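Examination of the molecular architecture
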Amino acid sequence: MDLFSQIEAPEREEIRRLREELEDANYRYYVLNQPTMSDRDFDVKLRRLQDLEALYPDMFDPKSPTQHVGSDLGKKGFEQVAHRYPMLSLGNTYSREEIEDWVRKLPQDVEIVCELKYDGLSISLWYEDGKLTKAVTRGDGQKGDNVIANIKTIASIPWSIQGEHIPTFFELRGEVLLPWAQFERLNKEREEQEEQLFANPRNAASGTLKLQDPQEVARRGLDAYLYYMLGEDLPGNTHYDRLMAARQWGFPISDAIRVCHSVDEVMAYIAYWDTERKNLPVATDGIVLKVNNLQQQVELGYTAKSPRWAIAYKFPAEKQLTRLKAITYQVGRTGIVTPVANLEPVQLSGTMVQRATLHNEDFIRQLDIQPGDNVWVEKGGEIIPKITGKENLTGEAGHTAERSYSETVFHSEGRSFFPTKCPECGTELVRIPGEAAWRCPNEKGCPPQIKGKIEHFVSRKAMSIDGLGEETIDLLFEQGLLHSIADLYDLRQEDIARQERLGEKSAQNILDSLEASKQVPWSRVLFALGIRMVGETTAKKIARRFRSIDTLQWATEEQLCAIDDVGKQIADSIIAYFADMDNLQTIQRLREAGLQMESTEQEQQALSDTLAGKNIVISGVFAHHSRDEYKAMIELHGGKNTGSISKKTSFVLAGDNMGPEKRNKAEALSIPLVSEDEFLAMLTTEN
Ligand code: IVH
């Protein structure tokens, strides 16, 4: 074989890399609800991949991100339903030119319906004989999860409709959203409870829709707009007429729908809503253009991913140019050092911005940024604003690869601009191979890391200790009263009450809450210890297998790896944790303080705590189990069976022939009805 035939074209590698990157971005967006790539960057990469795949047809792969839409499947506990019609996505455009290109391919006399593009997640509502029977998420486009119990908490969606000419079966598709006001309220609550904030309303809506707790879903206040009707024997010959029929039947259809006859009219609609959307109660990220005539839609047809008869136009992200005054470095709770841009204050989407993330060292190098530069700052879907480029450039990180990297004084001496030592504790920083971040390895001595561990310990899902927010922990740490989680239980009333802003009352609250935390079950104590890679779910699973800390302490790698979800890395992290004398001392002190280091008899008997705190009413006739069996099941999973529906009812486990009186009462109080299958699915969810 000659040398040349062994050399592979670099584009082939690029295809593989882009597929991986886009798959990863899809997963983070759809499954984790933690987007890491902007829509724009995603599209730029997707287009590049499409072009390359066209050049190398032998590399065609039906699993490529160009061939399918992202997937939000992966959560257990919901019935999976095959879509009757696949749920596709839309092609994106960003300019008048791109819209003109699209219009050129349409019939001459085309009417275009303009709608707002709501930024939530799509849902398909099935109506059979006028009754809502299923509400299916997009999933992977072919099949999705039936989240009907959660959808029924949305007040604007009718459970049943009446009227003339209602088809025996139809689907209405639309977007589920969390309005800004609810989003802000939810994040405020989460902040107070020291839970991770949702980056944007879309993520909050998505996280909410997948909860196994319709009562909590109801409390959060989702809303919906519907924009597409499917089925057979439907009314009207145009998309617009169908939406108007749906509005007549009582569905939430937006008022902002216009039929346009030219690109100029479309552009006027875009210009109007680009500003006006800021006054809407929900998030929008663009507009959707659809061919109005249904016959023309059929003739235009579909590509593998999206209809040819519809396209999205995405609003440009709001960004501002401002001067970078300095770069500072912030050490996070896990020791990661993040470069922070200190900016000349600038107004952005209604707030004043003076700090933004520069992500990591590579990012600064690639964009060739240094203090004194004018930089673009953007508020993407994330909470923290970010720098996306510098002046004279496109302002988009995705485009900067074309620029030559200038060897300035700032960047010339290796990583001279990036600290080599931790700005908090002076320890030499390390960079884990394959990671972009520099990290301070001084886990036990670096102040933000110590405080981070304490913050984690007291957080809601761990020991749930009230009154100890970030500021209070800072204060007590500075005073030398709090160096480790075990110190918490040595705090004295007068030590706390002496602090500025903390009176006797808050001191007593903290002490009461610390006292109450001694009843927190062993699985949560294990999570609270903050062993690396042992998250909430893993801790629960480990605690179910190892019923006390004494047995866990001596667990072997083999025993640990036998637990569901525990791999070698997690096992090693646990073993390393118990090999450390300081940790053993901390555990000893916590044990002496009275914390639960083993599971109680009752916990050992319960199968799970899936229904903990739930009041459940059983009503109707069931196919799979008797009422008594359901009653026992509720108790075995930590719930309570109650006789009559009241405000306190979490949901009704509803079988066939549920009495009309109960049904009306549930509807009046917005108490969700959960079917037998949904209930069983809830219990099979491991958590
Ligand atoms: S129509 C086959 N109309 O945007 C056409 N979609 O990027 C189906 N979206 O998956 C979609 N507002 O979740 C349509 N007025 C609107 C929309 C809309 C938001 C979402 C939808 C879709 C995604 C495509």
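How each quantity is defined
- Just so you know, the residues in each chain are numbered from 1, in the order the chain's sequence is written.
- Owing to the predicted nature of the model, reporting of local features is limited to residues with pLDDT of at least 70; listing and counting of side-chain atom pairs is limited to 80 or more, with chain, interface and lining totals taken over all residues.
- The basis for every side-chain value is the complete set of non-hydrogen atoms in the structure, without hydrogens or water.
- Each Phe, Tyr or Trp ring, with Trp reduced to its six-membered ring, pairs with another whose centre is within 6.5 Å; inter-plane angles below 30 degrees give stacked pairs, above 60 give edge-to-face pairs, and intermediate values give tilted ones.
- Runs of H or I in DSSP of at least four residues are treated as helices and runs of E of at least two as strands, each being numbered from the N terminus.
- Think of it in three bands: with a 1.4 Å probe and only protein chains considered, a residue is buried below 20% of the maximum accessible area for its type, exposed above 50%, and partly exposed in between.
- For two strands to count as paired, DSSP must find a minimum of two bridges between them.
- To get an axis, fit a line to the C-alpha atoms, keeping to the stretch in contact for a helix; angles then go from 0 to 180 degrees between the N-to-C directions.
- We call a residue near a given molecule or strand whenever any one of its heavy atoms falls within 4 Å of it.
- For the purposes of these results, a polar contact is taken to be a pair of N or O atoms within 3.5 Å, where, inside protein, one atom must be able to donate a hydrogen and its partner to accept one; residues adjacent in sequence count only when each atom of the pair is a side-chain atom.
- Here, Shrake-Rupley sampling with a 1.4 Å probe gives the accessible areas, and only protein chains in the shown set may cover a residue.
- By the convention adopted, Pro, Cys, Tyr, Trp, Phe, Met, Ile, Leu, Val and Ala count as nonpolar, Lys, Arg, Asp and Glu as charged, and the other residues, Gly among them, as polar.
- Remark: nonpolar core denotes a set of buried residues (Ala, Val, Leu, Ile, Met, Phe, Trp, Tyr, Cys) joined through side-chain atoms within 4.5 Å.
- A contact between two residues is defined here by any heavy atoms of the two lying within 4.5 Å.
- Handedness of a crossover is defined as follows: with both strands directed away from the viewer, a clockwise route from the first strand across the helix to the second makes it right-handed.
- Our arc is simply the arc of the directions from the helix axis toward the C-beta atoms.

Here's the deal with the packing of aromatic side chains
This structure, assessed with the given rule, holds 18 aromatic pairs. Both rings, one in Trp126 and one in Phe169, keep their centres 5.7 Å apart while their planes meet at 85°; by these two values the pair is edge-to-face. Taken as a pair, Trp126 in strand E4 (residues 121-128) and Phe169 in strand E7 (residues 169-177) lie far apart in primary sequence, 43 residues in all. In this structure Trp126 comes out as buried when scored by relative accessible area, which is 5%.

A few points about the sheet that holds strand E3 (residues 112-118)
Strands sit in the order E2-E11-E10-E3-E9 across an open sheet of 5 strands; the sheet is mixed. Edge positions in the open sheet fall to strand E2 (91-93) and strand E9 (258-260), since each of these has one partner strand only. When strand polarity is set aside, the average angle formed by the axes of neighbouring strands in this sheet is 35°. Direction of pairing for E3 relative to strand E10 (residues 284-291): antiparallel, over a ladder of 7 bridges. Across the sheet, the residue bridging to Cys114 is Leu289, located in E10.

Things to note about the site of the ligand
For the ligand, the set of nearby residues contains 14 residues, the closest of which are Glu115, Leu116, Tyr118, Glu175 and Tyr227. Tyr118 has a polar backbone atom sitting 3.0 Å from a nitrogen atom of the ligand. Protein contacts shield 90% of the accessible area of the ligand, which totals 530 Å² for the unbound molecule. At 4 residues, the largest contribution of residues to the shell around the ligand is made by E3. Grouping the constituent residues of the shell around the ligand by class yields 8 nonpolar, 1 polar and 5 charged.

As for the nonpolar core
Of all hydrophobic cores here, the largest spans 52 residues; its most connected members are Phe457, Leu488, Tyr489 and Leu552. Counting residues per element, the ones that place at least two in this core are helix H14 (447-458), helix H15 (470-478), helix H17 (504-516), helix H18 (522-528), helix H19 (536-545), helix H20 (549-553), helix H22 (568-578) and helix H23 (581-593). Excluding residues within four positions of it along the chain, Leu552 makes contact with Trp522, Leu526, Ile542, Phe546, Leu560, Ile574 and Phe578. Counting 38 residues, the second-largest nonpolar core is a separate cluster that includes Leu121, Phe170, Val176 and Met244.

Some words on the pairing of strand E21 (residues 651-654)
The side chains of a regular strand alternate between both faces of the sheet. Side chains Phe651 and Leu653 project from E21 onto one buried face, and the interleaved Val652 and Ala654 project onto a second face that is buried too. Bridging between strand E19 (residues 615-619) and E21 involves 4 bridges; their strand directions are parallel. Within E21, the position partnered with Ile618 by the bridge is Leu653. Alignment of E21 against strand E22 (residues 673-675), held across 3 bridges, turns out to be parallel. Residue Val652 lies in a different strand from E22, and its bridge partner there is Leu673. With helix H26 (residues 660-668) bridging E21 and its parallel neighbour E22, the resulting β-α-β unit is right-handed.

Some points on H22
For an α-helix, 3.6 residues make a turn, and residues three or four places apart therefore share a direction. Among all positions of H22, only Ile570, Ala571, Ser573, Ile574, Tyr577 and Phe578 are buried. For H22, the angular spread of the buried residues around the axis is 160°, confining them to a single face. Turned more than 90 degrees from where H22 packs its buried face, Lys568 and Gln569 sit exposed. Elements that come into contact with the buried residues of H22 comprise H19, H20, helix H21 (557-561) and H23.

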